Amino acid sequence: MKAAIGVFDSGVGGLTVLKSLRTAFPQQEFIYLGDTARLPYGTKSADTIRQYSLQNVRFLAHQGVQAVVVACNSASTQITEPEIEGLPVYNVIDPGVQAALETTQNQCIGLLGTRATVESHVYQTRLKKQAASFGKSDVRVFAQACPLFVPLAEEGWTLDPITNLIVYRYLHPLLLEEIDTLIMGCTHYPILRGSIERATGKSVTLVDSGHALAAVLKKDFESGRLKASAEAGLRVLMTDLSSHLQKWAFEILEETSQPIEVVNTT
Ligand code: DGL
């Protein structure tokens, strides 16, 4: 029986999604793939991001997973199919959109993302399209690309004074618009959550699509689309590995036991 759920991102960002999923489904087996040899995705063209993402899905399919979670917003803008190679595929954008529309009261939503994500307009379009079904037809979306966030998160500069300054610089225009909800539209950004919260204060609710995605998977376990594994398990695979990455990945996951395997997905 295919049991594991495959999860991929360009780097360590998707580990924030994996962590939420492992908390929600502690008995489930997961395989995580970080395409660290080709990181970042968020500065690349739509065609390249789609090509890399399809390679990742196929690679995970060959590992025998039962489903693939695209734990990368930049990749999720380009992978819109609900199934690939007969496997259910989950993106992180739809759960984030729904959580933001449920959360906002004043209908002013901020969006942080990579340039690829912000310029794809996928979030903005889906937020506007679905707003009416949440009774929030006047939704306004204020988007900000934050290209410096991914290197800061990969480096592990959380709550660093320089990170705090950069976060404030990116967020300031959104705060002037009085947003009450802020989508962390890149899976690397929850790593910088402390700095982001310092800048927003308590009046803005942060949306983390990793949390929102767990609810989607829960429904599919209940409907039988996903099958529970016989036992818990985790393999972490990366297309390139440094000693810093090895250490940092397990700090994010709060686990140390599992050695990371280096793989070639092409
Ligand atoms: N973590 C990825 C995302 O959610 C992007 C990071 C990158 O630029 O590679 O968009």
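Please refer to the structure placed before this passage.
Residues numbered from 1 in each chain as written. Predicted model: local features only at pLDDT ≥ 70, side-chain atom pairs only at ≥ 80, totals over all residues. Heavy atoms only, no water.

Draft legend 1. Representation of the state of the cysteines within the structure. The tally for this structure, following the rule as stated, stands at 0 disulfides. With no disulfide of its own, C72 lies closest to C186 among cysteine sulfurs, the gap being 6.7 Å. With no disulfide of its own, C146 lies 8.7 Å from the sulfur of C186, the closest cysteine sulfur. For C146, a relative accessible area of 1% puts it in the buried group. (Disulfide = S-S within 2.5 Å. Buried < 20%, exposed > 50% of the residue type's maximum accessible area, 1.4 Å probe, protein only.)

Draft legend 2. Molecular detail of the side chain of T265. Assignment of secondary structure puts T265 in the segment after β11 (261-262). Given the relative accessible area of 11%, T265 is considered buried. When neighbours within four sequence positions are excluded, T265 is seen to be in contact with L33, R38, Q55, N56, F59 and T239. (Helix = DSSP H or I, 4+ residues; strand = E, 2+ residues; numbered from the N terminus. Contact = heavy atoms within 4.5 Å.)

Draft legend 3. Up close: the side chain of S76. Topologically, S76 is positioned in helix α3 (residues 73-76). When neighbours within four sequence positions are excluded, S76 is seen to be in contact with V70, N91, V92 and I93.

Draft legend 4. Inspection of the packing of aromatic side chains at higher detail. Considering all chains together, one arrives at 4 aromatic pairs under this definition. Aromatic side chains F25 and F221 sit 5.0 Å apart centroid to centroid with 50 degrees between the ring planes, which places their arrangement in the tilted category. In this pair, F25 sits in the loop between α1 (14-24) and β2 (29-34) while F221 sits in helix α10 (residues 209-223), placing the two residues 196 residues apart along the sequence. Judged by relative accessible area, F25 falls into the buried class, the value being 12%. Judged by its relative accessible area of 19%, F221 is buried. Ring geometry for F149 and Y170: centres 5.1 Å apart, planes at 80 degrees, overall edge-to-face. Note that F149 is positioned in helix α7 (residues 149-155) and Y170 in helix α8 (residues 161-176), a separation of 21 residues in sequence. For F149, a relative accessible area of 0% translates into the label buried. Grouped by ring-pair contacts, the aromatic residues F149, Y170 and Y189 constitute a single cluster. Its guanidinium or amino end placed over the ring of Y52, R38 lies 3.8 Å from that ring's centre, counting from NZ or CZ. (Phe/Tyr/Trp six-rings, centres within 6.5 Å; stacked < 30°, edge-to-face > 60°. Lys NZ or Arg CZ within 6 Å of the ring centre and 35° of its normal.)

Draft legend 5. Highlighting the site of the ligand. Taken together, 14 residues form the shell around the ligand, and within it S10, Y41, N73, S74 and H188 come nearest. Here a nitrogen atom of the ligand and a side-chain polar atom of H188 are 2.7 Å apart. With the chains in place, 99% of the 300 Å² that the ligand exposes on its own is no longer accessible. Per-class residue counts for the shell around the ligand are 6 nonpolar, 7 polar and 1 charged. (Near = heavy atom within 4 Å. Polar contact = N/O pair within 3.5 Å; in protein donor to acceptor, adjacent residues only side chain to side chain. Areas by Shrake-Rupley, 256 points an atom, 1.4 Å probe, with all protein chains shown as cover. Nonpolar A, V, L, I, M, F, W, Y, C, P; charged D, E, K, R; others polar.)

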